[in-house]
Every structure is written in C-alpha cells, then in structure tokens.
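For reference, the chains in residue letters:
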2 protein chains.
Amino acid sequence: MRTGFLQYDVVFGDKEANQKKILSLIGGDHFDLLVLPELALTGYFMPSRAKTGELAEEFATGETFEFFRNVARQHDGAIVFGFAERASDKVYNSAALACPDGTAYLYRKTHLFNLEKHWFDPGDTGFRVFEFRGARIGIMICFDWLFPESARTLMLRGADIICHPSNLVLPYCQDAMITRCLENRVFAITCNRTGMERQGGETLAFTGRSQVVGPRGEVLAGSDGTSEKLVLLDLDPAVARDKTVTPHNDLLGDRRNDSYCC
Amino acid sequence: MRTGFLQYDVVFGDKEANQKKILSLIGGDHFDLLVLPELALTGYFMPSRAKTGELAEEFATGETFEFFRNVARQHDGAIVFGFAERASDKVYNSAALACPDGTAYLYRKTHLFNLEKHWFDPGDTGFRVFEFRGARIGIMICFDWLFPESARTLMLRGADIICHPSNLVLPYCQDAMITRCLENRVFAITCNRTGMERQGGETLAFTGRSQVVGPRGEVLAGSDGTSEKLVLLDLDPAVARDKTVTPHNDLLGDRRNDSYCC
C-alpha cells in the first residue's frame, strides 16, 4: 500500500492558492493513502469564531470536498485532510477520509488546543476506524496526540494506520508518536504543515517534521521543518495486526483492565 | 525534596554482595527519596520458578527489609526497591517503599515481561500512590512502562512522582518515559541496572541510562549505560500538581472519557 504525507505551508484563507499548491506538489505520483495537514485549505490562526464559520464548509458537500474527491479519483487513492466543518450552528475542527469512489468519512477533533476553544466546538464523533483497500484507518488530529487514550482507542477499535493531520507548534509530538506506535503496534502518519501565521501581535510557527512511524517505533520516513514535499513509501498494514512483543507477551492479551483507572 | 536513583550492576543471587555495593555507592549522601532497580538484591535472570521462590522473601519481614529499613533510617530518607516477594504459594515481582520510620508500602508488578511469566505470578495490587513528606509517590516496575494505562492510572490517583525500578534490556523505555511525563505532567525516576546475566546459552544485557524526567518532559538527570553511581537532585513534587498545558488547556479537565475506549 503506497502511503505518505504532503507537507506544505498553507496560505491563510486562500483555498484556491492551497489547491493549486497541493496539485503541483502531488504531481503525477500514485498513492493509495495520502495524509495532508490539519485545516489543509483554510489555514489555522483564526481571527475570530465568525471568520472560522465563514471559512467552514459542510461535510461531504461544497468546494473542498469536490476538490479532494477529484484528486482522489484522478490518483485512484484516498486522501485524509483537515478542514473547518460547519454543521448547523456548530463549527468543528474536522478531518475527512475522501475515497476515489466518492465515499467520505468524518472525524471531529476531540481535544481542542488553546485558542481553538474560541474558534471551534469540541468534537462529538469519538475516534473512528474506516476500511479502505484492506487497511483499517483511524484518524486523530494534532493535539489529540497528547492524550494516550486517543491512539489507544483507535488501536482497540482495530486501526492499522493512524492518520494524524497536524498543525504543530511545539517540539514534542514527533518523538511521542514513536511511543504511540510502540505502545499500540500501529503505523502512524503525522502530516504537519510548515510556515508561519500572524494574528494581531502573535505569531505561530509550524514545525514541519512530518513522519511515518512503524509498529516497532521505527521512523520509516520523515521530512525537515521547512520543506514543502510529498513523501510516499510502501507499507503493509497487516503488519500492525501482529501485537506480539516477545514470545510470551501480546500487547492486547497482556492488558490488565482490572488494574486500570480511567 | 532530594531525590534520585542508584544505578548499579546486581550480582545474581548474592544479596550480601549487593548490600555492600549499595552501602558503598550511597556513602554518606543525604536523600529524601531514592529509587533502586527492579530485583535490587537478587538479580534478574532466574533459572527456574523454584530458584525465584528460594530467593524471594515476604513483604516487610526478613533480611532484605531489615537492610533497607536500616538504610532508610540512617539516611533519614525513603527507598523504593524491587524484590522477589513470596506470599503463601505465590511469587511476585514486587517493589516496596521503605520509610525511615519503618513503614513499608507494597506494589506487585502488573505487566510481566517475557520469561518473568515462568518465574512470577501477575501482580494483584493495582497501581498505588503513597504519601511521604508531602509527596505523592506512585510505583510501577520496568515493562509496565509500555502500557500507557500504568502511568495514567498513577497520575489519576494523584501521583506527583512515579518511581520506576527497572531491569531494561531494550532501548525504547527512556524516550517513552519522556512522553509518559509530558502526557501526565508528573516526575518519573527510572532506575535501571547495568551489567549482564547468563542462563544456559542466553545472555541479557541491561542498558543502564537511568534518568529523572520532569513534568514538562525535561530530562533533569541521567546516567550512561554502564556506570555504577548515585545521582541526586532537588525537585519540588508540587510542580506536578499544575496540569496546565496552555492558558486554555488543563490535562485533567480536557480529558474526554466519553470518547475513550478501554
């Protein structure tokens, strides 16, 4: 299964410019599963909830979905991307899995980071796993990484690959995702954006360093902090179904729910 | 609070030699809380369950406890150490917290690693938190690190400092403990042993690199892979009670139990 990430600098509020950039960076490459950043077409640093609502679109309809469905169809592969979602009076920081046949699946970010609490409503979908070409695909967004329950829940629901669209500004996540993969024996594709955004006197610098990590904690592919690039590699999602740690340890069988507090 | 670890090479089956080594390495230093390795006086690589039972002692009685109580009293500080515990027909891979006033607290290893399943019974105490000099002290042992629920449970039960006696043979734990501290905003003292042990044709090499990590994921002190040494530093356990991540994020308040699967 040809999978990977597209790391780039998102132009705030200019969906058309971001679409052009995405098309240009993907070029003619084939993929089965490609992960893009959180808020992949809108940018991140919202001036207000009103502006967030203005940039937001409903799930599965509208120009963002038309664009990604077309890309998915043309490349015959699925795309996971973050978007601002409008749903009646709510606005969510969401991600979708768009398949080449037009099917789309939705996840709404569970753990909102800092000022996102002003811009978005907390997600209400929970952590979901979707099947595509024999792979079980889970989605979490950016700050969800800090809560071990996010990846744990996805693994317990059967995820082979965790797709992790991000807009990271802190340096911890990439190392932590190695632990997430080790403790869950899953693949994880963290796609982070690059560049900076300003609002008022404040600047956010996004840290890039997107990566693909394997079920033994091995970094299979990575990027630097600034490059705009497509990174693809072949992986076998079924490898993540072997939860053996040692001849006498199995990650699922060794869990001790009787001893855990949640 | 003066805390730290004592990293050393345990001589298999020779409690007296290990006691002498411990006394010599501690010297006259003062500590409030000192963490020693898993199976601190017996060594690790058991030839059989029968031998494990032979080396094991009952909790709070016998020569191992007499020794550690004396050290705790003489240095006016508490000691966390691993020991093989006999309890009626069971044998546990346990750790105790021995206080200078003679009090002792018990934890039995929840997640047994590999051949330990031949030598020990799985722990039945669950993850416990004990108070000493205003600090809330949780204990987990070695392989418990791989299961995020171990440290999570200790944090949810109020631990400021996770004491983590270990006999690590793999290279992943030290980095993962940084994630454990970040995701729980706790201190962690991982005390690993050094040296090698052989049974039949098999050799286990213990990787040292003991460390103290702070609630922001900062490595406050560490050792190399081979040195036998005492490492002490001052820390304020109350720092771990601030679960603030950003002005709008609190590690406890942001948990979404409704969205987790366990």
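Procedures and definitions
Residues numbered from 1 in each chain as written. Chains lettered and ligands numbered in written order. Predicted model: local features only at pLDDT ≥ 70, side-chain atom pairs only at ≥ 80, totals over all residues. Heavy atoms only, no water. Contact = heavy atoms within 4.5 Å. Buried area = accessible area lost by both parts, 1.4 Å probe. Salt bridge = Lys/Arg side-chain N within 4 Å of Asp/Glu carboxyl O. Polar contact = N/O pair within 3.5 Å; in protein donor to acceptor, adjacent residues only side chain to side chain. Helix = DSSP H or I, 4+ residues; strand = E, 2+ residues; numbered from the N terminus. Expected span 1.5 Å × (residues − 1). Buried < 20%, exposed > 50% of the residue type's maximum accessible area, 1.4 Å probe, protein only. Arc of directions from axis to C-beta. Axes fitted to C-alpha atoms, helices over the stretch in contact; angles between N-to-C directions. Parallel < 35°, antiparallel > 145°, perpendicular 65-115°, else oblique. Nonpolar A, V, L, I, M, F, W, Y, C, P; charged D, E, K, R; others polar. Pairing = 2+ DSSP bridges. pLDDT = per-residue confidence, 0-100.

J.: Explain the interface of chain B and chain A to me, please; I cannot follow it from the model alone.
T.: Accessible area lost upon the coming together of the parts serves often as the stated size of an interface. Across the contact, 44 residues belong to chain B and 44 residues belong to chain A. The contact between chain B and chain A buries some 3,800 Å² in all, and 59% of this surface belongs to carbon and sulfur atoms. Between chain B and chain A we count eight salt bridges in total. As a salt-bridge pair, R180(A) and E183(B) come within 2.6 Å of each other at their nearest N and O atoms. There are 29 residue pairs in polar contact (both at pLDDT 80 or more) connecting chain B and chain A. Those elements that provide at least two residues to the side of chain B that touches chain A are helix 4 (116–119), helix 5 (148–156), helix 6 (173–184) and strand 15 (244–246) of chain B.

J.: What is the right way to read helix 1 (residues 15–26) of chain B from this model?
T.: Counting along an α-helix, one turn takes 3.6 residues, and residues three or four places apart therefore face a common direction. Residue and element names in this part refer to chain B. For helix 1, with twelve residues, the first-to-last C-alpha span of 16 Å sits near the 16 Å given by 1.5 Å per residue. All of the buried residues in helix 1 are K15, N18, Q19, I22 and I26. The arc enclosing the buried residues of helix 1, seen along the axis, measures out at 105°, which places them on a common side. With respect to the buried face of helix 1, the exposed residues turned more than 90 degrees away are E16, K20 and S24. Next to the buried residues of helix 1 lie strand 1 (2–7), strand 2 (33–35), helix 2 (49–55), helix 3 (62–75) and strand 14 (229–234). Positive phi shows up at G27, right after helix 1, with a value of about 60°.

J.: Would you take a moment to explain the environment of A104(B) for this structure?
T.: Residues and elements named next belong to chain B. Looking at the secondary structure, you find A104 in strand 5 (residues 104–108). Look at A104 and you get buried, because its relative accessible area is 18%. What A104 contacts, discounting residues up to four positions off in sequence, is F59, F65, R69 and L97.

J.: Please clarify how the packing of helix 6 (residues 173–184) of chain A against helix 6 of chain B should be interpreted in this entry.
T.: A pair of packed helices is captured by two measures, namely the crossing angle of their axes and the spacing between those axes. It is at 9 Å that the axes of helix 6 of chain A and helix 6 of chain B come closest, and there the two elements cross at 100°. The angle between helix 6 of chain A and helix 6 of chain B places the two elements in the roughly perpendicular class. Residues D175(A), A176(A), T179(A), R180(A) and E183(A) of helix 6 of chain A pack against D175(B), A176(B), T179(B), R180(B) and E183(B) of helix 6 of chain B. Per-class residue counts for the contact of helix 6 of chain A with helix 6 of chain B are two nonpolar, two polar and six charged.

J.: Looking at this structure, how should I read the sheet that holds strand 1 (residues 2–7) of chain A?
T.: Adjacent strands of a sheet pair through backbone hydrogen bonds, lying either parallel or antiparallel. All names here are of chain A. Spatial ordering of the open sheet is given by 5-4-3-2-1-14, a layout of six strands whose pairing is mixed. The open sheet has two edge strands with one neighbour each: strand 5 (104–108) and strand 14 (229–234). Across the sheet, the mean angle from the axis of one strand to that of its neighbour is 30°, orientation sign disregarded. Here strand 1 runs beside strand 14; their pairing, made up of six bridges, is antiparallel. Its bridge partner being in strand 14, R2 is matched across the sheet by D234.

J.: It is not clear to me how the pairing of strand 13 (residues 219–222) of chain B should be interpreted in this structure. Could you clarify?
T.: In summary, the side chains of a regular strand alternate between the two faces of the sheet. Residue and element names in this part refer to chain B. In this structure, strand 12 (residues 211–213) lies alongside strand 13, joined through three bridges in antiparallel fashion. Within strand 13, the residue paired with V213 across the bridge is V219. Hairpin connection from strand 12 to strand 13: five residues lie between these consecutive antiparallel strands, with G217 at a positive phi of about 80°.

J.: So what exactly am I meant to see when it comes to the sheet that holds strand 6 (residues 129–132) of chain B here?
T.: All names here are of chain B. Strand order in the open sheet made by the six strands is 6-7-8-9-12-13, with mixed pairing throughout. The two strands at the open ends of the sheet, each matched to only one other strand, are strand 6 and strand 13. In this sheet, adjacent strand axes meet at a mean angle of 20° when their direction is disregarded. In the sheet, strand 8 (residues 161–166) pairs with strand 9 (residues 187–192) via six bridges, with the strands oriented parallel. By the bridge assignment for strand 9, S166 is matched with N192.

J.: Looking at this structure, I do not really get the confidence of the model for chain A. What am I missing?
T.: Interpretation of this model should avoid reading the predicted coordinates in detail wherever pLDDT is low. Counting all residues, the mean pLDDT for chain A is 97, and 100% of those residues have values of 70 or more. This prediction of the complex comes with two scores: 0.97 for pTM and 0.96 for ipTM.

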